[in-house]
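One letter stands for each residue in the lines below.
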Amino acid sequence: MSKLVTKVLATGAAVSMLTLPGLSPAIAAPSLGNGTSTDDSVSAPSDPTDSAETAESPNASETSNGASSGAEADNAAKNADAEDKTPVEATEVQLLNITDFHGRISESATQVASVIEEERANFTGPDRVGTGVLSTGDNIGASTYTSSSQNDTPTLDVLNAIGVQASAVGNHEFDKGIDDLTGRVSDESDFPYSGANVYDKGTDNVVDGLDEYSVVDVGGLKIAVIGVVTRDTASLVSPDGIADIEFGDPTDAVNRVADDLEELPEDEQPDMTVVEAHLGASSTDSLEDAEASNAEFKKLVTETDASVDALFTGHTHLPYTFEAPIPGEPDRTRPVIEAGSYGEFVGNLTMRVDGNGHWQTETAELIETEDKSYDSEVVDTVKGIVGDAEAKAKELGSEVTGTISEDITRAEKDGEEDRGAESTLGNLVADALKEGVEETQLEEADFGITNPGGLRTDLLCDDIYNTEDECEVTVAELNSVLPFANDHGVVTMKGEDVIGLFEEQWQPDDASRSFLHLGISDDLDVVYDSTADKGEHVKSVKVDGKDIDPDQEYRVATLSFLAAGGDNFSSFAKGDFEQSGLTDFETWENYFNKHQAEGKDVTPDKNERQADAADDVIDSGGLSAELTGPKTIKPGESADFALKTNAKSEVAGPIDVTVDLPEGYTAEAAPQSEAQSASASATDKAPEVSAEAAAKTITLDSIPAGESETPVTVTAPDDASGEVTVKVSVQANAEGPWWDDNPLPLAHEFEATAAVGDDANASAGDDGSADGGNADGGAADGGAADGGDSAAGGSADGGDSAAGGNADGASASADGGSADGTGSDANGSKDGGDLPRTGFETFNIVAAALALIVAGATAVTVVRRRRINS
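This is a predicted model, so every value here is computed, not measured.

Cut-off values and rules
Residues numbered from 1 in each chain as written. Predicted model: local features only at pLDDT ≥ 70, side-chain atom pairs only at ≥ 80, totals over all residues. Heavy atoms only, no water. Helix = DSSP H or I, 4+ residues; strand = E, 2+ residues; numbered from the N terminus. Buried < 20%, exposed > 50% of the residue type's maximum accessible area, 1.4 Å probe, protein only. Areas by Shrake-Rupley, 256 points an atom, 1.4 Å probe, with all protein chains shown as cover. Pairing = 2+ DSSP bridges. Contact = heavy atoms within 4.5 Å. Axes fitted to C-alpha atoms, helices over the stretch in contact; angles between N-to-C directions. Patch = residues over 30% accessible without salt bridge, like charges linked within 9 Å, V, L, I, M, F, W, Y side chains within 5 Å. Salt bridge = Lys/Arg side-chain N within 4 Å of Asp/Glu carboxyl O. Lys, Arg positive; Asp, Glu negative; His and termini not counted. Charge placed at Lys NZ, Arg CZ, Asp CG, Glu CD. Parallel < 35°, antiparallel > 145°, perpendicular 65-115°, else oblique. Nonpolar A, V, L, I, M, F, W, Y, C, P; charged D, E, K, R; others polar. Disulfide = S-S within 2.5 Å. Core = buried A, V, L, I, M, F, W, Y, C linked by side-chain atoms within 4.5 Å. Phe/Tyr/Trp six-rings, centres within 6.5 Å; stacked < 30°, edge-to-face > 60°. Polar contact = N/O pair within 3.5 Å; in protein donor to acceptor, adjacent residues only side chain to side chain. Arc of directions from axis to C-beta.

(A) Spatial organisation of the overall build of the protein. The helix and strand tally for the protein stands at 14 helices and 39 strands. Within the span of the protein, comprising 870 residues, buried residues form 59% of the whole. Of the roughly 33,000 Å² of accessible surface on the protein, a fraction of 43% belongs to carbon and sulfur atoms.

Quick look at the structure:
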């Protein structure tokens, strides 16, 4: 077990323990800041010589807030029929709690201090023993620059000044490793950190330097504070810093310690037991919803020992208060409270003991700190700490390191950060990580990847740190985005493991977030299906426009947190990590410095880099398409093919239609007749594509609702013979303004075959269309593709047919299905199989304008494609 850590609360001045004979103070002594309150109140009579000290044990540390000389319980107040005792004659105690402060000293330190000081001053009366101050962890880490630039020392100074008596460890207390927590952080804290479920690896021994619990003294009341942290901590901090420890079940640890407390001699047992648990609910609509949102939270609420009187929670940054049934005692409840984050709230819990010695909730509320101000010595001390820290930080962080063209942000949903969606900031950081390798001794990286949880704030033009101009970015602002100082480097890993990374965006069932959207550099394009089964979400990963090779090695620029498998991205840990010698922040800063030296703004890329195939309009049945062709083409002559579409509603563009032709064949945009559009251009036909071209891409502004055609004229070479198969693929243009709504993220391929020769005579119908063959795999309406037998339909490429099948000159159609070989059927269903075939959409020779044949003449342009496949 951990060694005893004994600390006496320091608040910047000596704690007065003097009392008048027969009286003990009900609030903090003047050195803790009584503020402007003039109310004088006392607790029940007590012996002024009593100290209410708790005997040392190997599991606990003891603190005092100096709020009492040690009022003791009156044994005569015991209930004759119960073993419980009334702890003290004064029967009401106040506990103030903060959580997930994250070093927000500039933003809220004086406001938090003001609330605490005012509550201390006002909590007076004959039945009130005093006020205790606790924290649920994440006091430091992910801090804003004022604190992070000075290793969070100013934050610890603030917490010492406001009188924090005990804290649980949060996951961010482990950001710099267990040695930093139990060394520097503990040394600078005038309060103990508890982590009852933090064990030496392979043992049930709490790691040396942390306590299972601590005992704080509030007006003579002995309160045991058990601290635990979420098991997710193992995936939330760099694994290297916690290599020799492990995190056990929080509730099991709480109950073990509760049993130990019950077995202490009666005079050593605490008067009250509370839990500080750095884990919490992800939904707050009701207690039932809260329990359903997180398994760890539910177990804590429903299985924690009945001897625990209150549960303070944290980690999820959500404010809530509940009264939860105590297991085994249906007539009793206990409070469950979380005070939000960043010092926006102070949790206020007042408890009163009943005649049986049971603590009952008098008040459970969250006090907003915004605009709070209170005149006291403690608040003045905090103001001084913050002022000194800000002055030093401004000196360090005011340097302008670049400019942004507009806001660059994290994803957002309902006004809150959303780590499950793509963000311009995440993608930009990935770009910087990748590009940063070029400035080091390492070989270049193929692409960069970062995690959403590492992004702690946005880059906004209107955010002014010191005296910089609008849209100028300072060192401090950059540091606020990436405050963790992770090591930067490159992981060499196989393509199959890269695919595994994107599959791991769907987190384990017991994770606090079900999906974490990776930020990726511009070199990558990913398509996934959010509706697919676990392990089958990823449909396509491309590196520089080419399908990723599962067996090839790729160099991935990232940060040490992910390289070690953080955030449950365990596929990273299968590779080899080379450090560049820089931190992620230094690489980030260098990226901005480079743009500044070149006189360029840093701009957000608003093109989608990960797309959801579940939004595909062909697979969902919102759009059907087929390629039709002529029965014959004579050598040296031309004939028209047409991509026919039928859309339930307009499909926003740009949409690429890529035409693939055999060698020697050429294609040109077909002429537009007056009947097709009265407002069409006077140009008879679009420019011809070069004879050397193997493919061309036509980009449509959109696909209109209803039926429409995109015609293409194909010319056969003079020596052509046999047959010609024309293939087209349809896919959203990669440069389009897609943001989580790409209508065609995967290429859908269609083909039609015509006989070639002077005497050619195909058996196709007048328009060359078949009853329903689906090109490149998968049949529709009984049609077989690529030579398979057909029944009551047709074969696209010359397979045996019956009951009216076509052999040559047929066209393949897809009524809501994919023709790319993924096994989609004609109704658009997907089998979640192999990565889709998308070869044709990557060829690129630009044609000129082509008119889409619809009423009103929708404009069509030809543009250069983003990806080139050679």
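Past the structure itself, the notes keep going.
(B) Region of the structure containing the sheet that holds strand β28 (residues 610-612). Strand order in the open sheet formed by 4 strands is β25-β24-β23-β28, with mixed pairing between adjacent strands. The sheet terminates laterally at β25 (546-547) and β28, the two strands that pair on one side only. With 5 bridges connecting them, strand β23 (residues 524-528) and strand β24 (residues 538-543) associate as antiparallel partners. In the sheet register, Val526 faces β24, and the bridge partner there is Val541. On the sheet, helix α12 (residues 495-503) packs against β23, β24 and β28 and is oriented at approximately 125 degrees with respect to β24.

(C) Inspection of a negative patch on the surface at higher detail. A surface patch of like charges, here negative, comprises Glu344, Glu368, Glu370, Asp371, Glu412, Asp414 and Glu416. The exposure class of Glu416 is exposed, given its relative accessible area of 54%.

(D) View of the packing of helix α6 (residues 250-262) against helix α8 (residues 295-303). Relative orientation of the contacting elements α6 and α8 amounts to 25 degrees, with a least axis distance of 9 Å. Overall, the two elements α6 and α8 adopt an arrangement that is roughly parallel. Together, Pro250, Thr251, Asp252, Val254 and Asn255 of α6 and Glu296, Lys299, Leu300 and Glu303 of α8 make up the contact between the two elements. Residues that form the contact of α6 with α8 fall into these classes: 3 nonpolar, 2 polar and 4 charged.

(E) The pairing of strand β14 (residues 345-353), seen in detail. Counting buried positions over the 9 residues of β14 gives 8, a clear majority of the element. For strand β2 (residues 92-98) and β14, the ladder comprises 6 bridges, and the chain directions are antiparallel. Paired with Val93 across the two strands is Met351, which belongs to β14. Where β14 meets strand β15 (residues 359-368), 9 bridges bridge the pair, whose relative direction is antiparallel. By the bridge assignment, Arg352 is partnered in β15 with Gln360.

(F) Spatial organisation of the environment of Glu390. Turning to its location among the elements, Glu390 is positioned in helix α9 (residues 377-397). Residue Glu390 is classed as partly exposed on the basis of its relative accessible area, which comes to 29%. Along the primary structure Glu390 and Ser106 are separated by 284 residues, whereas in three dimensions their C-alpha atoms are 7.4 Å apart. In this structure Glu390 touches Ser106 and Thr146, once residues within four positions along its chain are discounted.

(G) Looking closely at the pattern of salt bridges. Enumeration according to the criterion identifies 24 salt bridges in this entry. Lys606 is the salt-bridge partner of Glu406, the closest N and O atoms lying 2.8 Å from each other. Taken together, the residues Glu406 in the loop between β16 (400-403) and β17 (412-413) and Lys606 in the loop between α14 (584-597) and β28 connect sequence positions 200 residues apart. With a relative accessible area of 47%, Lys606 lands in the partly exposed category. Counted as one network, the salt bridges with shared partners bring together Glu92, Asp127, Arg128, Arg352 and Glu362.

(H) Representation of the state of the cysteines. Under the counting rule described, the total for this entry stands at 1 disulfide. Two residues, Cys461 and Cys471, share a disulfide whose sulfurs are 2.0 Å apart. Because the torsion about its S-S bond is 100 degrees, the bridge between Cys461 and Cys471 counts as right-handed. Here the residue Cys461 occupies a position in the loop between β19 (447-450) and β20 (472-474), and Cys471 occupies one in the loop between β19 and β20, the gap between them amounting to 10 residues. The exposure classification of Cys461 matches that of Cys471, with both residues buried.

(I) Focus on the environment of Pro452. Within the secondary structure, Pro452 sits in the loop between β19 and β20. Each residue touching Pro452, except ones within four places of it in the same chain, is listed here: Glu417, Arg419, Leu516, His517 and Leu518.

(J) Looking closely at the nonpolar core. Ranked by size, the top nonpolar core spans 68 residues in total, and within it Ile162, Phe174, Val198 and Leu210 carry the most contacts. The residues contacting Val198, other than those within four sequence positions of it, are Val169, Phe174, Asn205, Val206, Val207, Leu210, Val229, Ile245, Glu246 and Phe247.

(K) Structural context of the packing of aromatic side chains. Inspection of the entire model under this criterion finds 11 aromatic pairs. Seen in terms of ring centroids, Phe297 and Tyr320 are 5.9 Å apart; in terms of plane orientation they differ by 80 degrees. Their pairing is edge-to-face. Remark: Tyr320 occurs in strand β12 (residues 319-326) and Phe297 occurs in helix α8; sequence separation between them is 23 residues. Taking relative accessible area as the criterion, Phe297 reaches 0% and is therefore assigned buried.

(L) Representation of unusual backbone geometry within the structure. For the peptide bond that leads from Gly653 to Pro654, omega is 5 degrees, which places it in the cis range. Mapped onto the fold, Pro654 is located in strand β32 (residues 651-660). You will see that Ala485, though not glycine, has its phi angle at about 55 degrees, which is positive. Checked against the element boundaries, Ala485 lands in the loop between α11 (475-481) and β21 (487-494).

(M) Looking closely at the sheet that holds strand β22 (residues 519-520). On the basis of which strands lie adjacent, the open sheet formed by 5 strands has the order β22-β19-β26-β21-β27 and mixed pairing. Each of the sheet's edge strands pairs with one partner strand only, and the pair in question is β22 and β27 (576-583). Examined bridge by bridge, β19 and strand β26 (residues 553-559) share 2 bridges and lie parallel to one another. Looking across to β26, one finds that Gly448 is bridged to Ala557.

(N) Fine view of the environment of Thr203. With respect to the secondary-structure elements, Thr203 resides in the loop between β6 (198-200) and β7 (213-218). Taking relative accessible area as the criterion, Thr203 reaches 31% and is therefore assigned partly exposed. Residues Thr203 and Ile245, 42 residues apart in the sequence, show an inter-C-alpha distance of 9.0 Å. Polar side-chain contacts of Thr203 include one of 3.1 Å to the backbone nitrogen of Asn205.

(O) Geometry of α8. Looking at α8, one finds that the buried residues are Glu296, Phe297, Leu300 and Val301. For α8, the angular spread of buried residues about the axis comes to 125 degrees, placing them on one side. The inward-facing, buried residues of α8 abut α6, β10 (272-278), α7 (287-293), β11 (310-313), β12 and β13 (329-339). For α8, the N-terminal cap is Asn294; the gap from its side-chain oxygen to the backbone nitrogen of Glu296 is 3.0 Å.

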